[in-house]
Amino acid sequence: MSCSSDELGDELGDEMSTDTANETVRHSSDTSYRSANNDSQALLAFTQQSHAHVKLLAGDLKQALMSAMQSGGPQAAVNVCNMQASRITAELNSQQPLQIKRTSLKYRNPNNQPDAWERAVLEQFNQQAADGVAIQQMVHSEQVDVNGQTQFRYMRAIPVQAPCLACHGSEQ
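Residues numbered from 1 in each chain as written. Predicted model: local features only at pLDDT ≥ 70, side-chain atom pairs only at ≥ 80, totals over all residues. Heavy atoms only, no water.

Remarks on unusual backbone geometry
Although it is not a glycine, N147 adopts a positive phi angle of roughly 50 degrees. Summarising the element assignment, N147 is placed in the loop between β3 (139-146) and β4 (149-161). (Helix = DSSP H or I, 4+ residues; strand = E, 2+ residues; numbered from the N terminus.)

What follows is the structure, encoded as structure tokens:
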């Protein structure tokens, strides 16, 4: 869920694909985390805050998606994914210094195309999945330098579950 990351969670279904969508979180200003004594403490604080914000977004998205499924079936859920998910994410992003986005190696929306850092982490996640690592355990955060500016980056895998595949296609 760079502060660029995005989860619907285990509650949507029991079956999970090895394919993943991902939420990434990015924080470009290092002022919020510099009060920590060192870089590892700053990264830990960022990671904890990112996890909390991604979880908040996941809850909001899940609530909207489940409500749409109950009231209008899969077609209404498609509207939530296509139209409302971006709005819900933008609203949350406007309330915090973190910026959350969803991305994937198999993105559909060009606005969700992964940047170089995200692509590298996504490829690591794919290798971890191939090695048998549980998708729920795939989380990566680090401090990076981008054009002389410190950024904290966080990404977590989102399990693609059976209800997701109704709209997002097969596991292939």
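Digging into the side chain of T47
Mapped onto the secondary structure, T47 falls in helix α1 (residues 39-94). We classify T47 as buried; its relative accessible area is 19%. Within polar-contact distance, the side chain of T47 engages the side chain of S141 at 2.8 Å. Setting aside chain neighbours within four positions, we find T47 in contact with S141 and Y154. (Buried < 20%, exposed > 50% of the residue type's maximum accessible area, 1.4 Å probe, protein only. Polar contact = N/O pair within 3.5 Å; in protein donor to acceptor, adjacent residues only side chain to side chain. Contact = heavy atoms within 4.5 Å.)

Thoughts on the pattern of salt bridges
Evaluation of the coordinates by the stated rule reveals 4 salt bridges. We note a salt bridge from R153 to D115, for which the minimum N-O separation is 2.9 Å. You can see R153 sitting in strand β4 and its partner D115 sitting in the loop between β2 (99-103) and α2 (116-130), a full 38 residues away along the chain. Overall, R153 belongs to the buried group, its relative accessible area being 3%. Taking the shortest distance from any N to any O, the salt bridge between R153 and E118 comes out at 3.4 Å. (Salt bridge = Lys/Arg side-chain N within 4 Å of Asp/Glu carboxyl O.)

Overview of the packing of aromatic side chains
Across all of its chains, the model carries 1 aromatic pair by this definition. With centroids separated by 5.5 Å and ring planes inclined at 40 degrees, the aromatic side chains of F46 and F152 adopt a geometry described as tilted. Of this pair, F46 sits in helix α1 while F152 sits in strand β4, and the two are 106 residues apart along the sequence. Residues F46 and F152 agree in their burial class; the two are buried. (Phe/Tyr/Trp six-rings, centres within 6.5 Å; stacked < 30°, edge-to-face > 60°.)

Re the nonpolar core
In this structure, F46, L57, L61, V80, I88, I100 and F152 are the most contacted members of the largest nonpolar core, which totals 18 residues. Contributions of two or more residues to this core are made by α1 and β4. Per-element tally for this core: the top contributor is α1, with 14 residues. One finds W117, F125, A129 and A157 within the second-largest nonpolar core, a separate group that totals 10 residues. (Core = buried A, V, L, I, M, F, W, Y, C linked by side-chain atoms within 4.5 Å.)

Topic: α1
The terminal C-alpha atoms of α1, which comprises 56 residues, lie only 26 Å apart, well short of the 82 Å expected from a rise of 1.5 Å per residue. The principal kink in α1, of about 140 degrees, is found at G72, preceding the proline P74 by one to four residues. (Expected span 1.5 Å × (residues − 1). Bend = angle between axes of the 7 residues up to and from the residue.)

Some details on the confidence of the model for the protein
Confidence in the prediction for the protein averages 76 pLDDT; 72% of positions are at 70 or higher. Model confidence for the protein, summarised as mean pLDDT per element, is weakest for strand β1 (residues 16-27) at 50 and strongest for α2 at 94. In this model, residues 1-20 is a region of pLDDT below 50 whose contacts with residues beyond four sequence positions or in other chains number 110 contacts. (pLDDT = per-residue confidence, 0-100.)

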